[in-house]
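Now for the letters of each chain:
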Amino acid sequence: MVMLFVDKLVLYFNLLCFNLLIYSTSDVVHAQLLQGIPSTRVKQVAYGKTIAVTCSPDSTTTAIDLKWYGPNQYFPASNEKYLIKSKALMPLEEDGSSSRIYTEPNGNRLKLIISEIQSIDTGTYNCTGRVTNIPSSWSFELQAFVGLKVEADGQQILVHGENSKIHCSVTAQPPPETSWYFNNNYIDTQASSRYEVVTDGLIVYGVGFGDNGTYECQGTELTTGDTDKKRITVKVVTRPVMAVAPVNTTGVQSRDAQILCSVNSVPPPTYRWYLGNSMDYGAEVGTIADHNRYRPSSTDGTLTITNVQLGDEKWYWCEGRNEADNVFGKAFFEVQMIPTFERSLNLNNTETREGNKAIMICQCEAKPNPKMRFHRVGYAAPYVNGVQPNDSRINIYEKPSSASHENQEIIPQEVVIEIENTTPNDTANYTCIAENSAGRNETTMIIIIQHQPNFDLTPPSLLTQCIWEEHPRNVTVLLSGFPQPSVSWARSDGKQISPDQTAFKQYFEPYWENGRRDEWMANLEINWEVTKGGIQGQYNPVGNYFPKASNNLGAVDFTINVVEAQLPGRVGGLNVTAKTAQSITLFARPPVEENCIPVIGFEIMYKLHGTNDVHQIALFPLDAGSSMKIDNLKSGSSYSVLVYARNERGRGEYSNSKIIETLQSTVPEVVSITSSTESLSNVSHQVVWEMPLDGGEPITQYLVSWREVGATVWNSREISSGSLWWTIPNLQPDTTYEVMVQARNRKGLSAKPNPPSTFRTRPGITTS
């Protein structure tokens, strides 16, 4: 006990001596006559904040030569290395900014400013000066800590059906407490297993669309009570899922094509298309050359490629993307080419002499390789490839061409037709047909067989040709031959007809109606006038004419007989096939005679017997000879009828006059109703009928009668003869009616139809 007291006494004495030493050594130790504002000796400040501390004597004294040093430099106080200067005397930093730490004099005080505090700024800062000429100092310790900071994006997403995180960073030193709110309601993570607070956010388990909304991330620093928060708008989205994946697609050159792609997601995805290969999606289509031909849809994932080119054959990748993710699908786009003959090296017509072998080659380009064949124009079906079953002279085969194409994948193809022992009949147009999965194309080629002329094309109908008064005649012959033959004519008296003779005109032109380039037509126009007793002029045009055709392979003669055409003879027979009160139907037999021009029909002249009022009916075609009808006659009257035949030259002799009596007049025929059985109205019905035969007397009116089915009394209405329809009013809806129309003339009413027609009105409330 005594020893402990002695130790304390020694310690007290040492401390007393130490304090006396400090206050007596004015050059080394500063007296405590200065103070700091604020006066706390330890100042805790968050990183990045700014602090200001003022060094000042007490209010009754004056301080001079105030200086701030720091940090950690108490002794020696005069070390200028650590002196903090006035802002006005501070040099600029390298980036042009001023120093973060500086002093500002304020009368009898000196303020220290430390801005944007960093870790290197921590430590002890010391203020020195003289107070009433006594050296003095005051110091404080700066401690920095991590301040409360809440950082989060204001717009975030959660992925539907997944465990997804809302990101929020809450930092402070010491560590803060984090709280979460959803639509202003506190999220109790202890009470709900759907939520978990983690260091960088909030995990939501099993996200559903009900998790859309506004979240609040709040941080609290418990020691200081500092708090901060961020509001986050959260949208629930789904990951894109490929609904319609692109599939390998085929397009045709120069046409448009589409590659389909559809992705499901919430919100709907945006689409991008890329050109690449089977392993890599490559460049986006909107960035490549000629990109205007690639048109992604603005509403779905469809890619339209316009004016498809061979170079478009690539892998195409479809990307569907939203905020959650993206998904890819790929497809190979194959480009096919319709067969084309535009660049063909072998589309030449073939020409050879009769009896020789003809070879014609047709070449085309296509992708994929086409099926090629020949079809002779005018034949029902194309040739088969190989030897023809019906003509062993003809052989057709396909083969690859020796030509090349700028696209190495395209190998020109060709089809060859070979004809042994050719004949003039082999001259024809031949269609070369090429077809593949892209389409079909064809071109026409010609084989011409050189041969001497012949007149075998002239039909028998042209062997005898007619001429008559005031009718110039073209004497026509058809012939074949190649090279093109020349034709000369000799007259009926054996003399040659010169091309410059005015009495004749000669014409020669191609006759390629069957597609043969070796067929021709020669005409000799005879311009003389002919009379029955002879001719006006030097030569009689009637007789034989002798065309002669020749080319470098031979010549051939032919004979055409020109005769004078005659008028038709008398009609062979005239019979009545039918008659009514107002009409007569006749049958006439053509004249039985030889003539070089045929009868083309009949004409009729008739008059009421005993009068001179003659009527004439225009030409009836010959095929109507059995149904020549004379209308608008009087009933119970006799008519004189004559018939004559007509041909191209004129009309022939009259037939014997025939007296024909029409029938007596009667009431009109039964009226036929043509209107619908279903009314368009529920209270009325339009009846339509055809005009009947009037029985030989004019119709003066119609009688329309109607009644409900099952009723015994008819309702009737007389209608003018000028109308063929009438609307029955005041009917009941959804009701079936009987209706009939009778025609009246001077003889009376037509018979009632049996049974009458029926109709039904529409259902519904009675309306007008």
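Residues numbered from 1 in each chain as written. Predicted model: local features only at pLDDT ≥ 70, side-chain atom pairs only at ≥ 80, totals over all residues. Heavy atoms only, no water.

Draft legend 1. Quick peek at the overall build of the protein chain. For the protein chain, the count of helices and strands is one helix and 63 strands. For the protein chain, buried positions account for 42% of its 768 residues. At a minimum sequence separation of 6, the contacts of the protein chain that also span at least 24 residues come to 62%. On the protein chain, roughly 41,400 Å² of surface is accessible, and the fraction owed to carbon and sulfur atoms is 50%. (Helix = DSSP H or I, 4+ residues; strand = E, 2+ residues; numbered from the N terminus. Buried < 20%, exposed > 50% of the residue type's maximum accessible area, 1.4 Å probe, protein only. Contact = heavy atoms within 4.5 Å. Areas by Shrake-Rupley, 256 points an atom, 1.4 Å probe, with all protein chains shown as cover.)

Draft legend 2. Here's a closer look at the pairing of strand 17 (residues 201-204). Relative to strand 17, strand 12 (residues 164-167) is paired through four bridges, and the arrangement is antiparallel. Looking at the pairing, I166 lines up with L202 of strand 17. Both strand 16 (residues 195-198) and strand 17 contribute to a ladder of four bridges, which runs antiparallel. Within the sheet, the bridge partner assigned to Y195 lies in strand 17 and is V204. Linking strand 16 to strand 17, which pair antiparallel, is a turn of two residues. (Pairing = 2+ DSSP bridges.)

Draft legend 3. Here's a closer look at the state of the cysteines. Using the criterion set out here, one finds five disulfides in the structure. Linked covalently through their sulfurs, C362 and C432 form a disulfide whose S-S length is 2.0 Å. Because the torsion about its S-S bond is -90 degrees, the bridge between C362 and C432 counts as left-handed. Placement of C362 in strand 31 (residues 358-367) and of C432 in strand 36 (residues 428-436) is noted, with a sequence separation of 70 residues between them. With a relative accessible area of 0%, C362 lands in the buried category. Across a sulfur-sulfur distance of 1.6 Å, C466 and C596 are joined as a disulfide pair. Remark: C596 occurs in the loop between strand 50 (584-589) and strand 51 (599-608) and C466 occurs in strand 38 (residues 464-467); sequence separation between them is 130 residues. Counting its disulfide-bonded cysteines in sequence order, the protein chain shows a connectivity of 1-2, 3-4, 5-6, 7-8, 9-10. (Disulfide = S-S within 2.5 Å.)

Draft legend 4. Broad picture of the sheet that holds strand 19 (residues 226-237). One open sheet accounts for five strands, arranged 11-19-18-14-15; its pairing is mixed. Taken across any chain shown, the strands that pair with only one partner, and hence form the sheet edges, are strand 11 (155-159) and strand 15 (185-186). Sheet analysis places strand 18 (residues 213-221) next to strand 19, joined by nine bridges and oriented antiparallel. Across the sheet, Q218 pairs through a bridge with K229, a residue of strand 19.

Draft legend 5. How the structure looks around the pattern of salt bridges. Inspection of the entire model under this criterion finds 26 salt bridges. E420 is paired through a salt bridge with K357; the nearest N and O atoms lie 3.5 Å apart. Here the residue E420 occupies a position in the loop between strand 35 (413-419) and strand 36, and K357 occupies one in the loop between strand 30 (350-353) and strand 31, the gap between them amounting to 63 residues. Note that R393 is salt-bridged to D426, the shortest N-O span being 2.9 Å. (Salt bridge = Lys/Arg side-chain N within 4 Å of Asp/Glu carboxyl O.)

Draft legend 6. A look at the side chain of S637. Within the fold, S637 resides in the loop between strand 53 (628-630) and strand 54 (638-647). Not counting chain neighbours up to four residues away, the residues in contact with S637 comprise L608, I660, E661 and T662.

Draft legend 7. Fine view of the sheet that holds strand 16. The sheet built from three strands is open, its strands ordered 12-17-16 with antiparallel pairing. Each edge of the open sheet carries a strand with a single partner, namely strand 12 and strand 16. When strand polarity is set aside, the average angle formed by the axes of neighbouring strands in this sheet is 25 degrees. (Axes fitted to C-alpha atoms, helices over the stretch in contact; angles between N-to-C directions.)

Draft legend 8. Here's a closer look at the side chain of Q156. Structurally, Q156 is set in strand 11. Engagement of the side chain of Q156 in a polar contact is seen with the backbone oxygen of D153, the distance being 3.2 Å. Polar contacts involving the side chain of Q156 include one to the main-chain carbonyl oxygen of H167, which spans 2.7 Å. With sequence-adjacent residues up to four places away left out, Q156 is seen in contact with K165, I166, H167, I232, T233, V234 and K235. (Polar contact = N/O pair within 3.5 Å; in protein donor to acceptor, adjacent residues only side chain to side chain.)

Draft legend 9. Here's a closer look at the packing of aromatic side chains. Counted under the stated rule, the structure contains 22 aromatic pairs. Within the aromatic cluster, the residues linked to one another by ring pairs are W68, Y125, W138 and F140. Sitting above the plane of the Y195 ring, R194 keeps its charged end 5.5 Å from the centroid. One cation-aromatic arrangement involves R293 over Y294; the distance from NZ or CZ to the ring centre is 5.4 Å. (Phe/Tyr/Trp six-rings, centres within 6.5 Å; stacked < 30°, edge-to-face > 60°. Lys NZ or Arg CZ within 6 Å of the ring centre and 35° of its normal.)

Draft legend 10. Focus on the nonpolar core. Membership of the largest hydrophobic core comes to 22 residues, with the highest contact counts inside it found for W489 and Y545. Of all the secondary-structure elements, those providing two or more residues to this core are strand 37 (439-454), strand 39 (473-482), strand 40 (486-490), strand 43 (519-526), strand 46 (543-551) and strand 48 (560-564). Of all hydrophobic cores here, the second largest spans 21 residues; its members include A257, L275, I305 and I410. (Core = buried A, V, L, I, M, F, W, Y, C linked by side-chain atoms within 4.5 Å.)

Draft legend 11. Region of the structure containing unusual backbone geometry. Cis rather than trans, the peptide bond between I37 and P38 has omega equal to -5 degrees. Here P38 shows up in the loop between strand 1 (34-37) and strand 2 (42-46). Of note, the amide linkage connecting V266 to P267 takes the cis form, showing an omega dihedral of -5 degrees. Relative to the helices and strands, P267 resides in the loop between strand 23 (262-264) and strand 24 (270-276). Positive phi outside glycine occurs at E116, with the angle close to 50 degrees. Of note, T132 is a non-glycine position whose phi angle comes to about 50 degrees, a positive value. Within the secondary structure layout, T132 lies in the loop between strand 8 (123-131) and strand 9 (134-145).

Draft legend 12. Structural detail: the environment of T223. Inspection of the secondary structure assignment puts T223 in the loop between strand 18 and strand 19. Take T223: its relative accessible area is 60%, and that puts it in the exposed class. The spacing of T223 and P174 is 49 residues in sequence and 7.9 Å in space, taken between C-alpha atoms.

Interpretation note: all reported values are geometric properties and have no functional meaning in isolation.
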